Every structure is written in structure tokens, then in C-alpha cells.
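# Architecture and fold: a report
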Amino acid sequence: MPDDAPLAPHGPLPTGGTVRPMTRWGTPVMHRPQAPVTAYDDELRTLVADMVATMYAADGVGLAACQIGVDRAVFVFDCPDDDGVRTVGVVCNPVLTLPEGKDRHLEVADEGCLSFPGAFVDCGRPDFASVTGTGVDGSPVEFSGDGLLARCLQHETDHTLGTVFGDRIPTRARKKLQKQHDAAAEDYPPGWPVDAE
């Protein structure tokens, strides 16, 4: 887990979770809208703690529940913005807001997904994003940022809607992504990142 203290406007990430195997693209739960979070209970807290542990074990900056096989609209993140400032958070039932009109600027940059590990290709996304939702205790949360943080908020909200970033890139880029993924497959066995220690 990183040492430098991140911004945690809605409190720190839950700790003490168990690392779970990563669910891969092609699994049905990855490709359908996720069930809304309706109960803010111990089961949710355990799920979120497991998501945090799994995200760190996989060296990710964000993780949605569907990525560990759970049909629930929630994600966790620990991600830097353009200035290198890390923000951490939990968002249940996220609603994404993106700039429109002259305020909308696309940033094309490398993007990858822990559920399709070992592969990165360019993907254009707005360079600023805001997301609202609820925290693990049911209280309202809001996060916004630029750079990688903006990309992360969009990528993880997409997961709660059943969209993977491969759906957002042209066929040629998808083929390149598949080749990279296949070449790296032995580095990411089926139980990864449980055995990554």
C-alpha cells in the first residue's frame, strides 16, 4: 500500500480485506449494468475492503465490484491527478458528469484494465470528470479531477454500467490490445492477483 497520505475527502479506504481473483472480460457480469447498492451494511463494507485489497495487490488505481465477480454498482480508487496528488474514495451508484461544449477536451492516453491485464492502448476521454454517489456508509460523496484521475472515474463508472474500455476503442486498437494481453497471459494466471505476493 502506498505510504504518502492521499486526499480522502470522504474518509479513508476500508482496510483488512481479502484479495480476490480478478474477473476477466467475457464474463457476463462484466458486460451488463450492475445492480444498485441499496443496503449499507457489513456485507457491503466487507466487499469494499476486499476490493481495496485486490486493487492494491494488482497495482491498480481503481476497481469495480464486477471485477471481482460481484454484481453491485460500486467502485474504489486510489489515483493521482495531473499534479500527482492522490485521491482515494469509494463510490456506490456513481453518476458521471463530463464537460460539454467548449469546455470538453479529449485527452488521448494509454489505458488498461485489470480485467484484461498486461495490455494498454490509446483511448480518448474527456480530460476532466466529476462523479457523485454515496459512500460505504450511505452518505453523499463527490469526486472530480483531471489527468489519470478523470480517466479512472470514467473507466470505473463505465464498469458499473457494463461497459469495458475495449468497447470504446476501434477494432484495430482492440486487436492490438488482444495481442498484448495474450502475450502477457502467463504473467496473469487465472487466480491473479491472489498469488501475486
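Predicted model only: the values in this text are computed from it and were never measured. (Residues numbered from 1 in each chain as written. Predicted model: local features only at pLDDT ≥ 70, side-chain atom pairs only at ≥ 80, totals over all residues. Heavy atoms only, no water.)

### What about the environment of Thr38?
Positionally, Thr38 belongs in the segment before helix H1 (42–57). A relative accessible area of 69% places Thr38 in the exposed class. As for Thr38 and Phe165, which are separated by 127 residues in sequence, their C-alpha atoms are 26 Å apart. (Helix = DSSP H or I, 4+ residues; strand = E, 2+ residues; numbered from the N terminus. Buried < 20%, exposed > 50% of the residue type's maximum accessible area, 1.4 Å probe, protein only.)

### Observations regarding helix H3 (residues 171–183)
Spanning 13 residues, H3 covers 18 Å between terminal C-alpha atoms, matching the ideal 18 Å at 1.5 Å per step. The elements touched by buried residues of H3 are strand E5 (120–126). (Expected span 1.5 Å × (residues − 1). Contact = heavy atoms within 4.5 Å.)

### Some thoughts on the packing of aromatic side chains
Scanning all chains against the criterion turns up five aromatic pairs. Taken together, the ring pairs connect Trp25, Phe116 and Phe165 into an aromatic cluster. (Phe/Tyr/Trp six-rings, centres within 6.5 Å; stacked < 30°, edge-to-face > 60°.)

### A short note on the state of the cysteines
Following the criterion strictly, the structure yields zero disulfides and no others. Left unpaired, Cys79 is separated from the closest cysteine sulfur, that of Cys152, by 4.3 Å. A residue is classified by how much of its surface remains accessible, and Cys152, at 4% relative accessible area, is buried. (Disulfide = S-S within 2.5 Å.)

### As for the environment of Phe77
Along the polypeptide, Phe77 turns up in strand E2 (residues 74–80). For Phe77, a relative accessible area of 0% corresponds to the buried category. Sequence separation of Phe77 and Leu63 is 14 residues, and the distance between their C-alpha atoms is 6.4 Å. The residues touching Phe77, leaving out its near neighbours within four places in the chain, are Leu13, Met55, Val61, Gly62, Thr87, Val88, Gly89, Val91, Phe143, Leu149, Cys152 and Leu153.

### Side note on the sheet that holds strand E6 (residues 128–134)
Taken in spatial order, the five strands of this open sheet run E1-E2-E3-E6-E7, and their pairing is antiparallel. Edge strands, defined here as strands with exactly one partner in the open sheet, are strand E1 (62–64) and strand E7 (140–146). Between one strand axis and the next, the sheet turns through 35° on average, direction left out of account. Where E1 meets E2, three bridges bridge the pair, whose relative direction is antiparallel. Counted as the bridge partner of Gly62 is Phe77 from E2. Running over the sheet, H1 touches E1, E2 and strand E3 (86–97) and is turned about 35° from E2. Sheet strands touched by helix H2 (residues 147–160): E1, E2, E3, E6 and E7. Its angle to E2, the strand with the most contacts, is close to 165°. (Pairing = 2+ DSSP bridges. Axes fitted to C-alpha atoms, helices over the stretch in contact; angles between N-to-C directions.)

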